[in-house]
Amino acid sequence: MTLFAKRQWLKMVALSAVSLATLTACGQKEEVSSSSPSPAPEPAPAQAADPAQPLQVGFMYVSPIGDGGWTYQHEQARQAVQQKFGDKIATSFVESVPEGPDAERVLRDMAGQGKKLVFATSFGFQEYVQKAAADLPDVKFEHATGYKRGDNVAVYDSKTFEGAYLAGIVAGAMSKTNVVGVVASVPIPEVVRNINSFVLGAQSVNPAITGKVVWVNEWFSPPKEAEAANSLINGGVDVLYQNTNSPAVLKTAQERGAFAFGKDGDMSAHAPQAHLGSAVINWEPYYTQVIEQTLAGQWQSGDFWWGVKEGAMDLVKVPDSVPAEIRSKVETVKAGLKDGSFAVWTGPISNNQGQELLADGVVADDAFLRGINFYVQGVEGKVPGTP
Ligand code: GUN
C-alpha cells in the first residue's frame with residue numbers, strides 16, 4: 001500500500017470521530033477529533049480543567065501518520081483511546097514536527113488551545129518538552145522514550161529490544177550468508193540496544209552470525225533508509241532489521257531478494273515476499289492508563305517501560321516459510337518474557353572487543369540497559385561517538 005493509500009485508509013477508519021484538518025504555517029498537519037463536535041483549535045489561554053468539558057489531549061508526532069511504523073502506531077492508539085473514552089476526551093495531533101525549536105512552539109500552541117495532557121512521541125522532543133513544561137505547570141506532559149522527568153513530565157517507552165530479539169531468532173535461522181544487518185536511525189542507547197538484541201537473538205539459534213550496521217541519523221527518511229539497506233545487502237547481508245520509521249528497508253529487501261522485518265507497525269503488506277515478521281508496539285494500554293488517571297485527577301509523573309509482558313510489544317506475522325521449530329522457539333521466548341522467566345540481556349554477554357560485560361547468568365538491570373553504548377560480539381565497527 002502506498003503512503004497515500006494508507007493515509008486514506010486511516011481516514012476511513014477514523015472511528016465515529018469528527019475530524020477537521022488545518023495546515024499550519026510550517027507545513028505540519030493538525031487533526032482534531034472528538035466524538036462530539038469540538039471548536040476549531042484557535043489559540044486560547046490555558047484554563048483550569050472543567051469536568052463538564054472533555055479532557056483535551058494532544059499528540060505531537062515526528063513523522064507522518066502514514067509512515068507505516070512508529071507514528072502510525074501512536075496514531076492507531078490515539079484513535080483507539082478516542083473511541084474508548086468517547087465524549088470524555090477530545091484528542092488531536094500534529095504530525096511531521098521536526099526535533100527542533102518548532103516542537104516547543106507546537107507544544108505551547110497545544111497548551112494555548114486548552115490541552116491538559118500532551119503526548120510528545122519522539123526522543124528528540126526532550127529539551128522542548130522540558131522548556132514548555134516548566135512554563136505550563138497545569139499541563140501534564142508525557143514524553144516517549146526520554147529520561148528527563150519533572151512534576152508535570154512523565155516518561156514512557158516500549159521494550160522494543162524484546163521485539164528485536166524475537167526478530168533476531170527468525171533472522172538467525174533464515175540467513176544463508178550468516179550476515180545480518182541493521183539500518184539504524186539516531187545513535188542513542190535505545191537504538192544500540194535494539195541492534196545488539198537483534199544480533200543476540202540471531203546468534204541464539206546460529207552462533208556463526210555476525211552483524212553490520214549503517215546509520216542514517218534520522219528517524220524517517222525513506223530514500224536514506226533504502227540507500228542504507230542497499231549498501232548492507234551489497235556487503236553480504238541477506239536479512240535486515242531497521243530502527244527507522246518507514247517500510248523502505250523492507251521494500252528494498254524485496255527488490256533485492258533479501259529478507260527483512262517490519263518495525264513498530266505491521267508492515268507485512270508492503271513487501272510480503274521479504275517480510276519475516278513485524279515487531280509491533282501497542283501504545284494503547286499505556287495511553288488508556290494515563291487518560292484514566294488524568295480523568296480521575298490522579299495523573300502522576302512516572303517512568304514506564306512496558307514490553308511483551310504488558311502487551312505493549314509483540315512479533316507478529318512470522319510466515320510459515322520459517323521452520324516450525326524456529327516459530328516455536330519464538331513463542332517459547334515470548335512466554336518467558338511474559339512470565340518473567342526469560343530476559344534478553346542475560347550473561348554471558350561480551351562487547352565486540354571481547355570484554356565480558358555481563359557474567360554468566362547475570363541479568364542486566366534497567367540502568368545497564370539504558371546505558372548500552374557498545375556493540376556485542378559479532379557486530380562490526382563501533383558505536384558513533386565512542387572511542
Ligand atoms: N522517533 C521516531 N521513531 C522513534 C523511535 O524508534 N524511537 C524513539 N526514541 N524516538 C523515535
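A quick note: this is a predicted structure, and the numbers were derived from the prediction, not measured.

Visitor: I keep staring at the overall build of the chain and nothing clicks. Help me out?
Guide: Of the regular secondary structure elements, the chain holds 11 helices and 16 strands. Expressed as a percentage of its 387 residues, the buried residues of the chain come to 56%. Within the chain, counting contacts between residues at least 6 apart in sequence, those at least 24 apart form 66% of the total. A total of about 15400 Å² of accessible surface is found on the chain, and carbon and sulfur atoms cover 53% of it.

Visitor: I tried to follow the site of the ligand on my own but got confused; where do I start?
Guide: Neighbouring the ligand are Val62, Trp70, Ser122, Phe123, Thr145, Glu190, Trp219, Asn243, Asn245 and Lys263. Between the ligand and Trp70 there is a distance of 3.4 Å, counted from a nitrogen atom to a side-chain nitrogen or oxygen. In the model, a nitrogen atom of the ligand is placed 2.7 Å from a nitrogen or oxygen of the Thr145 side chain. Here the ligand loses 100% of its free accessible area of 280 Å² to cover by the protein chains.

Visitor: Sorry, what's going on with the layout of surface pockets here?
Guide: A probe matching the size of a water molecule, rolled over the atoms, marks out where space remains unfilled. As a volume, the second largest pocket reaches approximately 250 Å³. Residue lining of the second largest pocket: 18 residues in total, with Lys159, Phe161, Glu162, Phe342 and Ala343 positioned closest to the centre. Sorting the residues of the lining of the second largest pocket by element identifies helix H5 (160-174) and helix H11 (366-370) as the ones contributing at least two each.

Visitor: I would appreciate a short explanation of the packing of aromatic side chains in the present structure.
Guide: Centre-to-centre distance and the angle between the planes together describe a pair of aromatic rings. Counting across every chain of the model gives 24 aromatic pairs. Ring centres of Tyr156 and Tyr286 lie 4.8 Å apart, and the angle between their planes is 20°; this geometry places the pair in the stacked category. Remark: Tyr286 occurs in helix H9 (residues 284-295) and Tyr156 occurs in strand E7 (residues 153-158); sequence separation between them is 130 residues. For Tyr286, a relative accessible area of 4% corresponds to the buried category. Each residue in the set Phe59, Tyr61, Trp70, Phe93, Phe119, Tyr156, Trp283, Tyr286, Tyr287, Phe304 and Trp306 is aromatic and connected to the rest through ring pairs, giving one cluster. Lying across the ring of Trp305, Lys159 places its NZ or CZ 5.4 Å from the centre.

Visitor: Any chance you could explain the packing of helix H3 (residues 101-112) against helix H4 (residues 126-135) here in plain terms?
Guide: Each pair of packed helices can be described by the angle between their axes along with the distance between the axes. For the pair H3 and H4, interaxial distance at closest approach is 8 Å and the crossing angle is 35°. Here H3 runs over H4; the crossing is right-handed. Note on element contacts: H4 touches H3 through Tyr128, Val129, Lys131, Ala132 and Asp135, opposite Pro101, Ala103, Glu104, Leu107 and Arg108. Its residues placed into classes, the contact of H3 with H4 shows six nonpolar, no polar and four charged.

Visitor: It is not clear to me how the nonpolar core should be interpreted in this structure. Could you clarify?
Guide: When a protein is soluble and globular, its nonpolar side chains tend to lie buried together. Counting residues in each nonpolar core, the largest one holds 98 residues, and the members touching the most others are Phe141, Val170 and Trp345. Ranked by the residues each element gives to this core, the list is headed by H5, at nine residues. With near-sequence residues (within four places) excluded, Val170 lies in contact with Phe261, Leu276, Leu315, Val318, Val322, Ile326 and Val330. Residues Val179, Ala228, Leu250 and Ala271 belong to the second largest nonpolar core, which totals 17 residues.

Visitor: I'm lost on empty space enclosed by the protein in this one. Help?
Guide: Scanning the model with the defined rule gives two cavities of 30 Å³ or more in all. Every residue along the wall of the largest cavity is listed here: Val62, Trp70, Ser122, Phe123, Thr145, Glu190, Trp219, Asn243, Thr244, Asn245, Lys263 and Asp264. Grouping the constituent residues of the lining of the largest cavity by class yields four nonpolar, five polar and three charged. In this structure, the second largest cavity encloses a volume near 50 Å³. Residue lining of the second largest cavity: Tyr156, Asp157, Ser158, Asn282, Trp283, Tyr286, Phe304, Trp305, Trp306 and Ala312, and that is the complete set. At the level of secondary structure, the elements contributing two or more residues to the lining of the second largest cavity comprise E7 and strand E13 (303-306).

Visitor: Just checking my understanding: could you explain the pattern of salt bridges for this structure?
Guide: Note on pairing: side chains with opposite charge can pair once their charged atoms come close. Under the criterion given, the structure shown has 16 salt bridges. The partner of Arg105 in a salt bridge is Asp109, and the shortest N-O contact between them spans 3.0 Å. With Arg105 and Asp109 both in helix H3 and four residues apart, this pair spans about one turn of that helix. With a relative accessible area of 30%, Asp109 lands in the partly exposed category. When salt bridges with common partners are traced through the structure, they connect Asp102, Arg105 and Asp109 into a single cluster.

Visitor: Please clarify how the side chain of Ser246 should be interpreted in this entry.
Guide: Looking at the secondary structure, you find Ser246 in the loop between strand E10 (239-242) and helix H8 (248-256). We classify Ser246 as buried; its relative accessible area is 2%. For Ser246, the side chain forms a polar contact with the side chain of Glu225, separated by 2.9 Å. Ignoring anything within four residues of it in the chain, the contact list for Ser246 reads Asp67, Phe220, Pro222, Glu225 and Met267.

Visitor: Would you mind going over the packing of H5 against helix H6 (residues 189-205) with me for this structure?
Guide: Packing of H5 against H6 leaves a shortest axis separation of 6 Å and a crossing angle of 35°. Between H5 and H6 lies a crossing of right-handed hand. On the side of H5, the interface is formed by Thr160, Phe161, Ala164, Tyr165, Ala167, Gly168, Ile169, Ala171, Gly172 and Ala173, while H6 contributes Glu190, Arg193, Asn194, Ser197, Phe198, Leu200, Gly201, Ala202, Ser204 and Val205. When the residues that make up the contact of H5 with H6 are grouped by side-chain class, the tally is 11 nonpolar, seven polar and two charged.

Rules and cut-offs
- Residues numbered from 1 in each chain as written.
- Predicted model: local features only at pLDDT ≥ 70, side-chain atom pairs only at ≥ 80, totals over all residues.
- Heavy atoms only, no water.
- Helix = DSSP H or I, 4+ residues; strand = E, 2+ residues; numbered from the N terminus.
- Buried < 20%, exposed > 50% of the residue type's maximum accessible area, 1.4 Å probe, protein only.
- Contact = heavy atoms within 4.5 Å.
- Areas by Shrake-Rupley, 256 points an atom, 1.4 Å probe, with all protein chains shown as cover.
- Near = heavy atom within 4 Å.
- Polar contact = N/O pair within 3.5 Å; in protein donor to acceptor, adjacent residues only side chain to side chain.
- 1 Å grid on protein atoms, 1.4 Å probe; cavity = no way out; pocket = protein on both sides within 12 Å on 5 of 7 lines; lining within 4 Å.
- Points joined across faces, edges and corners; volume = space filled by probe spheres on them.
- Phe/Tyr/Trp six-rings, centres within 6.5 Å; stacked < 30°, edge-to-face > 60°.
- Lys NZ or Arg CZ within 6 Å of the ring centre and 35° of its normal.
- Axes fitted to C-alpha atoms, helices over the stretch in contact; angles between N-to-C directions.
- Left-handed = near helix turned anticlockwise from the far one by under 90°.
- Nonpolar A, V, L, I, M, F, W, Y, C, P; charged D, E, K, R; others polar.
- Core = buried A, V, L, I, M, F, W, Y, C linked by side-chain atoms within 4.5 Å.
- Salt bridge = Lys/Arg side-chain N within 4 Å of Asp/Glu carboxyl O.

Just distances and angles here, no functional claims.
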